[in-house]
Amino acid sequence: MNEPFDHWIIDDFLNKDLASQLSNEFPNYESPNWLTYNNPLEHKKSLNSWYYFPPTTYQFFAYLNSVDFIHYISSITGIEGLFPDIGLHGAGWHIHGRDGKLNVHFDYSIHPKLKLLRKLNLILYLTEDWDTSWGGGLQLWSHNSETNQPKDLITTVDFKFNRALIFDTTQNSWHGFPDPLTCPDNIYRKSIAMYYLIQPPEGVDTRERALYSPSEKQKGDPEIERFIKERSK
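These figures come from a predicted structure and were not determined experimentally.

(A) Quick look at the overall build of the chain. Across its full length, the chain holds four helices and 13 strands. For 233 residues, the compact-globule estimate of 2.2 N^0.38 gives 17 Å, and the chain sits close to it at 17 Å. With respect to the three principal axes, the spread of C-alpha positions in the chain is 45 × 45 × 30 Å. Within the chain, the proportion of its 233 residues that are buried is 53%. Within the chain, contacts between residues separated by at least 24 positions form 81% of all contacts whose residues are at least 6 apart in sequence. Summing over all exposed atoms, the chain offers an accessible surface of approximately 11500 Å²; the carbon and sulfur share of this is 49%. Within the chain, one finds 22 positive and 30 negative side-chain charges whose respective centroids are separated by 5 Å.

Listed below in structure tokens is the structure:
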């Protein structure tokens, strides 16, 4: 258990050859199959369609959805009753190029289709030879209960090849990397994301969209505040 919310870091998560193969199976950054997000809060691309996953990636996501792996992740976290999100809502492949970013936010509470509570994120970093000076480490922030906004940056989980980060998303779990990446134009921040759900308890927040926070440069900007409000509906 760690501050500011429960999270677990596992280095050398996979056999190195398997991690490299998963990394190499990512589509070209210019592929038309990516879903592109380019707005004041996020600059990234993602793809969650099983149809486009090459064999190794397809098999890996199948394993992440398996009973065996869910038992493994439960043994690490102590959380029972987990369900995989087979549809990969918001999960799958994520890629960021130079100037990519993700404002600090916390994730949706209730899955919009399964109506289960999102409980755990699993993020696997997959860029070899990444220089941490380029940014991209996931910032974990504490919560300000008075403003319902992030309070203090507590720690940053550096972006390191074959590192897995698991964290509880039900603890006002503010996270992101709001500072634009400075990596070279031909190098990309690649990651795989998988989410796990539980039955929602009584009285839980029923929000179905992520709630974002403005970056330091965006604070006080009414257009940004309006966009965040619309984005969270």
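What follows picks up the thread again.
(B) View of the pattern of salt bridges. A full pass over the atoms with the stated rule returns ten salt bridges. The residue Glu208 makes a salt bridge to Lys115 at a minimum N-O spacing of 2.7 Å. Taken together, the residues Glu208 in the loop between strand 12 (189-198) and strand 13 (211-212) and Lys115 in the loop between strand 6 (101-106) and strand 7 (117-125) connect sequence positions 93 residues apart. When its relative accessible area of 44% is taken as the criterion, Lys115 is described as partly exposed. One continuous salt-bridge network, built from bridges that share partners, spans Asp11, Lys160 and Arg163.

(C) Expanded view of the nonpolar core. The biggest cluster of nonpolar side chains holds 41 residues, and the ones touching the most others in it are Leu64, Ile192 and Tyr196. Residue assignment for this core shows that the elements contributing at least two residues are strand 1 (7-10), helix 1 (16-24), helix 2 (55-64), helix 3 (67-77), strand 5 (92-96), strand 7, strand 10 (164-168) and strand 12. It is strand 12 that provides the largest number of residues to this core, a total of seven residues. If we skip the residues at most four places from it in the chain, Tyr196 touches Leu64, Phe69, Ile70, Ile73, Leu82, Phe83, Pro84, Leu117, Arg118, Lys119, Leu120 and Leu122. Grouped together as the second largest cluster of nonpolar side chains are 20 residues, Trp134, Leu138, Phe177 and Ala210 included.

(D) Examining the packing of aromatic side chains more closely. Here the structure, examined in full by the defined rule, presents 19 aromatic pairs. Each ring, one from Phe5 and one from Phe167, has its centre 5.8 Å from the other, and the planes form 50°; the classification is tilted. Pair noted here: Phe5 is in the segment before strand 1 and Phe167 is in strand 10, with a separation of 162 residues, a long-range link. Taking relative accessible area as the criterion, Phe5 reaches 1% and is therefore assigned buried. Ring pairs connect the aromatic residues Phe26, Trp34, Trp50, Phe53, Tyr58, Phe61 and Trp93, which therefore count as one cluster. When the ring centre of Tyr195 is taken as reference, the NZ or CZ atom of Arg118 above it lies at 3.6 Å.

Each value, and the rule that gives it
- Residues numbered from 1 in each chain as written.
- Predicted model: local features only at pLDDT ≥ 70, side-chain atom pairs only at ≥ 80, totals over all residues.
- Heavy atoms only, no water.
- Helix = DSSP H or I, 4+ residues; strand = E, 2+ residues; numbered from the N terminus.
- Rg over C-alpha atoms; globule rule 2.2 N^0.38 Å.
- Buried < 20%, exposed > 50% of the residue type's maximum accessible area, 1.4 Å probe, protein only.
- Contact = heavy atoms within 4.5 Å.
- Areas by Shrake-Rupley, 256 points an atom, 1.4 Å probe, with all protein chains shown as cover.
- Lys, Arg positive; Asp, Glu negative; His and termini not counted.
- Charge placed at Lys NZ, Arg CZ, Asp CG, Glu CD.
- Salt bridge = Lys/Arg side-chain N within 4 Å of Asp/Glu carboxyl O.
- Core = buried A, V, L, I, M, F, W, Y, C linked by side-chain atoms within 4.5 Å.
- Phe/Tyr/Trp six-rings, centres within 6.5 Å; stacked < 30°, edge-to-face > 60°.
- Lys NZ or Arg CZ within 6 Å of the ring centre and 35° of its normal.

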